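A closer look at the structure
Chain by chain, the residues:
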Amino acid sequence: MKSHKLLKNPEACRTCAKCCRIFTFYDHNGDGFIDRIRLLKTKKIKVEESDFATNEGKSLFRVILNIPCSALVKKKGKYFCKLFGNKKRPQMCNEYPYNMTDWEKRFCKGLKK
Ligand code: SF4
Ligand code: SF4
């Protein structure tokens, strides 16, 4: 379960786990990194344009990995994080969602009560 203050309804995470099943990061295609990602022969990784830009004004692409986290478990129809309360749990997981971007608004049910 997440614990950040933006999360109005942490119980929603039990039936959602989207941020544990889909991981995203951003890149501005320096050295053709995004072009290279687009050539990967898989349906599990997608690239889309985002509303974000670097401090220098370069557009950022969103890389979407449709690959679940190995610490995610489902018991009796509800999701749990095996690393909850553990120091090994990534800090970004403890703080997510730390932003309410178009991405979070798309699927994070926990942002609303
Ligand atoms: S997307 Fe939102 S509601 Fe779903 S598991 Fe993540 S923080 Fe919880
Ligand atoms: S470590 Fe836990 S909270 Fe973070 S992505 Fe994996 S299952 Fe989700």
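Counting restarts for each chain: residues are numbered from 1 in the order of the written sequence. The naming scheme follows written order: chains are lettered A onward, ligands numbered 1 onward. Since the coordinates come from a predicted model, pLDDT governs what is reported: local features require at least 70, and pairs of side-chain atoms require 80 or more to be given and counted, while whole-chain, interface and lining totals use all residues.

Digging into the site of ligand 1
Note on definitions: a residue is near a molecule or strand provided its C-beta atom, placed from the backbone, lies within 6 Å of it. Close contacts around ligand 1 come from 14 residues, with Cys13, Cys16, Cys19, Cys108 and Gly110 the closest. All residues other than Ala, Val, Leu, Ile, Met, Phe, Trp, Tyr, Cys, Pro, Asp, Glu, Lys and Arg, Gly among them, are scored as polar; the first ten of these are nonpolar and the last four charged. Looking at side-chain class alone, the shell around ligand 1 contains 10 nonpolar, one polar and three charged residues.

Considering the site of ligand 2
Contacts to ligand 2 come from Cys20, Cys69, Ala71, Leu72, Cys81, Leu83, Arg89, Pro90 and Cys93. Class assignment of the residues belonging to the shell around ligand 2 gives a composition of eight nonpolar, no polar and one charged.

Concerning unusual backbone geometry
Cis geometry marks the peptide bond from Tyr96 to Pro97, where omega comes out at -5°. If you trace the backbone, Pro97 turns up in the loop between helix H3 (91–95) and helix H4 (102–107). The phi dihedral of Ala17 is positive, around 60°, even though this residue is not glycine. Secondary structure elements are taken from DSSP: a helix is a run of H or I of four residues or more, a strand is a run of E of two residues or more, and numbering for both begins at the N terminus. Mapped onto the secondary structure, Ala17 falls in the segment before helix H1 (18–21).

Some details on the sheet that holds strand E1 (residues 23–27)
Strands in a sheet are paired, the pairing made by backbone hydrogen bonds, and the direction either parallel or antiparallel. If you trace the three strands from one edge of the open sheet to the other, you get E1-E3-E2, paired in antiparallel fashion. Each having just a single partner strand, E1 and strand E2 (45–53) make up the two edges of the open sheet. For this sheet, the mean angle separating the axes of adjacent strands, direction not counted, is 30°. Taken together, the six bridges between E2 and strand E3 (residues 59–65) define a ladder with antiparallel strand orientation. Strand pairing is defined by DSSP finding a minimum of two bridges between the two strands. Lines are fitted to the C-alpha atoms to define the axes, a helix being fitted only along its stretch in contact, and any angle between axes, read from their N-to-C directions, falls within 0 to 180 degrees.

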